[in-house]
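# Per-entry structural report
The chain contents come next:
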Amino acid sequence: MKRIILSGVMLGALLAFAGSTQAADKKTLAFVVNGASDFWKAAEAGVKKAQGELPNYNLTFKYPEQSSAAIQTRLMDDLVAAGVSGIMVSAVDPKTMGDALDRIGKQVALFTTDSDAPKSSRVAYIGSSNVDAGKQAGEIALKAMPNGGKCMGFVGLPGADNARERIEGFKDTIKGSKIELVDVRGDDIDQTRAKRNVEDTLTAHPEIDCMVGYYSYNTPRIYEALKEAGKLGKITIVGFDEDPITLGGVKEGTIAATVVQQPYEWGYQGMKDMAKYLEGDKSFIPANGLIIIPTKIIDKSNVDAFWAELKDRQGKK
């Protein structure tokens, strides 16, 4: 009887050891964002869905301590040192991080999202065409202000490709119209500063009758500042992304419309594509290395349907 019990204990120990070895053998894939923002919650939900379909991988979602190129680089270096097999990153500043991204891409499978780094050793970019998104924002402005207007833009990182390309697309679309983009104010993904930029604009530039929020949190900060100043509904707001405040403003008509991306798909498709790549399948990568997930305009006519879909994907009621 003692032998039988002992054998059972040994078998249990062996199974536990085998299970831990199997878990250790799983490859880890990381999604690294550029800063703390509710925008990334949808991408996190997409990664969670992908985890359910990739049982042989461990998927992790990482926020840097603050939106800093140096801090984000250190985070990725730590992930590489910990043995991750792949990283998908929205780089804080692809230009200044070029060498670091190139180095990391030579050690693990590196994919970019949100803001590309085409000169690095990244495998592919999965995300929006920021130029096209900027053009759609320009279309919103043209429709909302047929008689023209003076716009001020607000963005987190003016030097990042996603910001630069959105601004470029906006300018291309309004070119030749009576709409002018007077300037763009950056805030380094500091939401207090983002709101203050709007407040300062109201004081220093009373001629401004249009505001464009190029990052997900910029539009809510515009909304709040205008509401507190009693200017809500008097200044045209053009938004980006799907923050609840933004969607609420679209629904009530105080925000003309917003250009939404699909960060959920970045997380979901990105993790699955990275796994394919690590397994030797490169057939999904186009010649130019760009996997574009389209953006779309959300206005009063479709905001309810979009919001319902968004809540469903994030498991909210």
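What you see is a predicted model; the values in this text were computed from it and never measured.

Let us look at the packing of helix α9 (residues 244-252) against helix α11 (residues 303-313). Interaxial distance between α9 and α11 falls to 10 Å at its minimum, and their mutual angle equals 155°. It follows from the interaxial angle that α9 and α11 lie roughly antiparallel. Crossing of α9 over α11 shows left-handed handedness. Of the residues in α11, those in contact with Pro244, Leu247, Gly248, Val250 and Lys251 of α9 are Val303, Asp304, Phe306, Trp307 and Leu310. Partitioned by chemical class, the residues of the contact of α9 with α11 number seven nonpolar, one polar and two charged.

Let us now look at the sheet that holds strand β7 (residues 179-186). The strand order across the open sheet formed by six strands is β7-β6-β8-β9-β10-β12, and the pairing between neighbours is mixed. In this open sheet, the two strands that pair with only one neighbour each are β7 and β12 (296-298). Looking at each pair of strands side by side, their axes are set apart by 20° on average, direction ignored. As judged from the seven bridges shared by strand β6 (residues 149-155) and β7, these two strands associate in the parallel manner. Considered in β7, the bridge of Phe154 is made with Arg185. Contacts from α9 reach β10 (257-260) and β12 within the one sheet, and its direction differs from that of β10 by about 140°.

Mean pLDDT over the chain works out to 91, with 91% of the residues at or above the 70 mark. Note that residues 1-22 has pLDDT below 50 and, in this model, zero contacts with residues that lie over four places away or in other chains.

Using the criterion set out here, one finds one disulfide in the structure. Put simply, Cys151 and Cys210 are joined by a disulfide, and their sulfur atoms are 2.3 Å apart. Linking Cys151 and Cys210, the disulfide has an S-S dihedral of approximately 90° and is accordingly described as right-handed. Here the residue Cys151 occupies a position in strand β6, and Cys210 occupies one in strand β8 (residues 210-213), the gap between them amounting to 59 residues. The buried category is assigned to Cys151, whose relative accessible area is 0%. In this structure Cys210 comes out as buried when scored by relative accessible area, which is 0%.

With the rule as written, the count across this model stands at 10 aromatic pairs. Relative to Tyr63, the ring of Phe61 has its centre 5.5 Å away and its plane inclined at 55°; by these criteria the two rings are tilted. Relative accessible area serves as the criterion here: at 33%, Tyr63 is assigned to the partly exposed category. Connected via pairs of aromatic rings, a cluster forms that spans Phe31, Phe39, Trp40, Phe61, Tyr63 and Trp266. The side chain of Lys49 reaches across the aromatic face of Tyr268, ending 4.4 Å from its centre. In this structure, Lys311 is placed above the aromatic ring of Trp307, and the distance from its NZ or CZ to the ring centre is 5.0 Å.

Reading the values: rules and limits
- Residues numbered from 1 in each chain as written.
- Predicted model: local features only at pLDDT ≥ 70, side-chain atom pairs only at ≥ 80, totals over all residues.
- Heavy atoms only, no water.
- Axes fitted to C-alpha atoms, helices over the stretch in contact; angles between N-to-C directions.
- Helix = DSSP H or I, 4+ residues; strand = E, 2+ residues; numbered from the N terminus.
- Parallel < 35°, antiparallel > 145°, perpendicular 65-115°, else oblique.
- Left-handed = near helix turned anticlockwise from the far one by under 90°.
- Contact = heavy atoms within 4.5 Å.
- Nonpolar A, V, L, I, M, F, W, Y, C, P; charged D, E, K, R; others polar.
- Pairing = 2+ DSSP bridges.
- pLDDT = per-residue confidence, 0-100.
- Disulfide = S-S within 2.5 Å.
- Buried < 20%, exposed > 50% of the residue type's maximum accessible area, 1.4 Å probe, protein only.
- Phe/Tyr/Trp six-rings, centres within 6.5 Å; stacked < 30°, edge-to-face > 60°.
- Lys NZ or Arg CZ within 6 Å of the ring centre and 35° of its normal.

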